[in-house]
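Observations on the three-dimensional arrangement
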Amino acid sequence: MVNTPPSQASETQYQVENPQAEVEAIIETPDSDADIDLEFLYTRDIEFRQETIYFIVIDRFHDGNPGNNKGFNSELYDPEKKEWGKYWGGDLKGIIDKLDYLRNLGVTAIWLTPLFEQVEELFIESAAIHGYWTKDFKRLNPRFIAPDDEPSLNKTQDTRNTVFDRLIEELHKRNMKLILDIVCNHSSPDTGGSKGELYDDGVKIADFNDDKDNWYHHYGEVNNWEDEWQVQNCELCGLATFNENNIQYRNYIKSAIKQWLDRGVDALRVDTVKHMPIWFWQEFNSEMYNHKPDVFIFGEWIYSRPDDDLSVEFANNSGMTILDFGLCMALRQALGTNDEAGFYLINDVLKQDYRYNGATELITFIDNHDMHRFLTLNPDVDNLRLAVDFLMTSRGIPCLFYGTEQYLHNDTNGDNNIYGNNDPYNRPMMDTWDTETPIYWDVRKLSGLRRLNPAISMGSQWEKYITPDVFCYVRRYNGSRCFVALNRGDTVTLEEVDTELPDREHTCVLTGRKFEVKDGKIYNFELGAKEAIVISHVGERLKAQTIVRAQLNGVQTQLGERIVVIGDCPELGNWDIGKAYPLEYINPNTWFAEIPFNESAGKLISYKYVMLREGTSPLRENLLARRWVIASEGTVKWRDTWASGTES
């Protein structure tokens, strides 16, 4: 008989007053100034699935230090906040001032637009307020730091006492993470005759108009977006495009980003990844992981979707996950434009999760700095709330665009089109900090729930009831469950709906409504108009000296077949299949389990996967057993692909 994980326990009461519950296993980061512990390098990995990300356009969030507003060129600053293409004063001190607001909201990681030094000229009536026209990847934008920080810019990385470093310190005090936005594809456009002038900590090293060392491609702009060669080698919107074949460039960009990781950056968001070949990203990501093994990396493949082979290949093989544009667009259609297909559009995307090797690590969102804000599509704040509640309870890592919890939007020149690029009007100044809005409280509660209930962050998702207006699903992992019901229409009563919850009375996390569950079902289930119901049941949490999160992809199983892992250690049955550790089905491409290690912690082990089949012999992987050093403590990951099987 297969050894089973710990049995489920009674429901754990969710505490609203403590939304910042800590993840049980804390991964330590090695001192970047010391030799990296090889055990850490080859066994540790950061777990980001329990995070709640908040994406901030720095210039438009909060002005904490008016003394830096004018910058080097005062003409680029608009104190009246009427010229949308100019700076309005937001800075890093402003973010520090609002960290408690964000932490109370339930935010655990903030993603900032690039904060590198930018060109100080206008391009098509716009300054580089967004941060994607970098002049020097090793220096901070003076508009975001304190005037007193400027002397340190002579050798940016030698002096680490800027407001940026204080931001890192304050974030980490609150157990929050910093995501640095980087762009490796390009530098700056033509601003007054200057294009692609690049600096290495103040020293000019490249110039598009005098490119003796071939730092840039010179093929003109993309004119055929179906031509992959053009997409990867030609210019995007007139931006000077780096030549990734130049080793000087690759060494520069990698050394620059490593320096920011050394200063405490926890994760990287990478811009325009589809515009560079995958081999570059594989090399780049390998070096980032070698330099800081627990860094988390995700990229922007614009309008990626599960039926787009190139974006899926990138997500599976580049070494980073991606922003989930496919799910975003389905949400914007179902709840933004009220498409008649409704929730079927969302479910159709989820049904294709098997195409990804890591669907539970896709970054989910409903809007960003390059598209209409959700409320520009649909001013109904109840629909916005439903979309946010879905993000917080569905698979993937949720990311909120700044101000969503305050209903922030500006409809200037907006057109009602889900694909419309409505910048800069989707980047208004944050002006209210109300901690009592319904969305603020939903995010606060559900962010805490994501860290309390592993079914939400790591589990599978099962449709239980669906119509265009109603979507009921269950998140399932081990003994934990989370039942979610969303209704975009009028009040409706369902005769019965399966919840997989234990039989007894349960309380909705969001509304406080109580529901009686019998035979795992709620009978005569009434859903109010525009209502979301979330019911959580947390099983016994796994505890061990070291927890291995084992993920297996690429195995095709039929109904009744199961996957287990066996190995040469007590935790994996000492090669006895009857004592092997079971994995849990996530989707047709992914099996997953948390495996406790105590006796074998800190030791080298061997293991392989086995498919158990009813009425026939087990199917073992046809390969020499994998070998792994189990970390002495903490949480680690195995990410494996099924090898061809051989029968016992």
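Owing to the predicted nature of the structure, the values given are computational and were not obtained by experimental measurement.

1. Overview of the pattern of salt bridges
As a working rule, side chains carrying opposite charge can pair if their charged atoms are close by. Under the definition given, this model contains 46 salt bridges. One salt bridge in this structure joins Asp380 and Lys530, with 2.6 Å as the shortest N-O distance. Of this pair, Asp380 sits in the loop between α11 (374–377) and α12 (381–393) while Lys530 sits in the loop between β19 (521–527) and β20 (532–537), and the two are 150 residues apart along the sequence. For the salt bridge of Glu500 with Arg481, the shortest nitrogen-to-oxygen distance reads 2.9 Å. With Glu500 in the loop between β16 (492–498) and β17 (504–507) and Arg481 in strand β15 (residues 480–487), this pair connects stretches of sequence that are 19 residues apart. As far as the burial class goes, Glu500 and Arg481 line up, both buried. It is possible to trace a salt-bridge network through shared partners that takes in Glu47, Arg49, Glu361, Arg549, Glu594, Lys637 and Arg639.

2. Some details on a negative patch on the surface
Taken together, the side chains of Asp503, Glu505, Glu516 and Asp519 make up a negatively charged region of the molecular surface. Note that Glu516 resides in strand β18 (residues 514–517).

3. Side note on empty space enclosed by the protein
For the coordinates displayed, the defined rule picks out six cavities of 30 Å³ or more. The space that makes up the second largest cavity amounts to roughly 60 Å³. What lines the second largest cavity is Pro454, Tyr477, Asn478, Gly479, Ser480, Gly539, Glu540, Arg541, Leu542 and Glu594. Taken together, the residues of the lining of the second largest cavity break down into three nonpolar, four polar and three charged.

4. Notes on the sheet that holds strand β14 (residues 470–477)
Across the sheet, four strands lie side by side as β13-β14-β15-β20; this open sheet has antiparallel pairing. The outermost strands of the open sheet, each flanked by one partner alone, are β13 (460–466) and β20. If you compare each strand with its neighbour and ignore which way they point, the axes differ by 15° on average. Looking at chain direction, β14 and β15 are connected through eight bridges and run antiparallel. By the bridge assignment for β15, Val470 is matched with Asn487. Packing of α12 onto the sheet brings it into contact with β13, β14, β15 and β20, and relative to β15 it is tilted by some 165°.

5. Quick notes on the packing of aromatic side chains
Per the counting criterion, the structure on display carries 44 aromatic pairs. For the pair Phe325 and Phe365, a centre-to-centre distance of 5.0 Å together with 85° between the ring planes defines the contact as edge-to-face. Remark: Phe365 occurs in the loop between β11 (363–364) and α11 and Phe325 occurs in helix α9 (residues 325–336); sequence separation between them is 40 residues. In this structure, Lys135 packs its charged tip against the face of Tyr199, placed 5.2 Å from the ring centre.

6. Some points on the confidence of the model for the protein chain
Looking at the protein chain as a whole, the pLDDT averages 90, with 90% of positions reaching at least 70. Scored below 50 in pLDDT, residues 1–43 makes 105 contacts in the model with residues more than four places away or belonging to other chains.

Procedures and definitions
- Residues numbered from 1 in each chain as written.
- Predicted model: local features only at pLDDT ≥ 70, side-chain atom pairs only at ≥ 80, totals over all residues.
- Heavy atoms only, no water.
- Salt bridge = Lys/Arg side-chain N within 4 Å of Asp/Glu carboxyl O.
- Helix = DSSP H or I, 4+ residues; strand = E, 2+ residues; numbered from the N terminus.
- Buried < 20%, exposed > 50% of the residue type's maximum accessible area, 1.4 Å probe, protein only.
- Patch = residues over 30% accessible without salt bridge, like charges linked within 9 Å, V, L, I, M, F, W, Y side chains within 5 Å.
- Areas by Shrake-Rupley, 256 points an atom, 1.4 Å probe, with all protein chains shown as cover.
- Lys, Arg positive; Asp, Glu negative; His and termini not counted.
- Charge placed at Lys NZ, Arg CZ, Asp CG, Glu CD.
- 1 Å grid on protein atoms, 1.4 Å probe; cavity = no way out; pocket = protein on both sides within 12 Å on 5 of 7 lines; lining within 4 Å.
- Points joined across faces, edges and corners; volume = space filled by probe spheres on them.
- Nonpolar A, V, L, I, M, F, W, Y, C, P; charged D, E, K, R; others polar.
- Pairing = 2+ DSSP bridges.
- Axes fitted to C-alpha atoms, helices over the stretch in contact; angles between N-to-C directions.
- Contact = heavy atoms within 4.5 Å.
- Phe/Tyr/Trp six-rings, centres within 6.5 Å; stacked < 30°, edge-to-face > 60°.
- Lys NZ or Arg CZ within 6 Å of the ring centre and 35° of its normal.
- pLDDT = per-residue confidence, 0-100.

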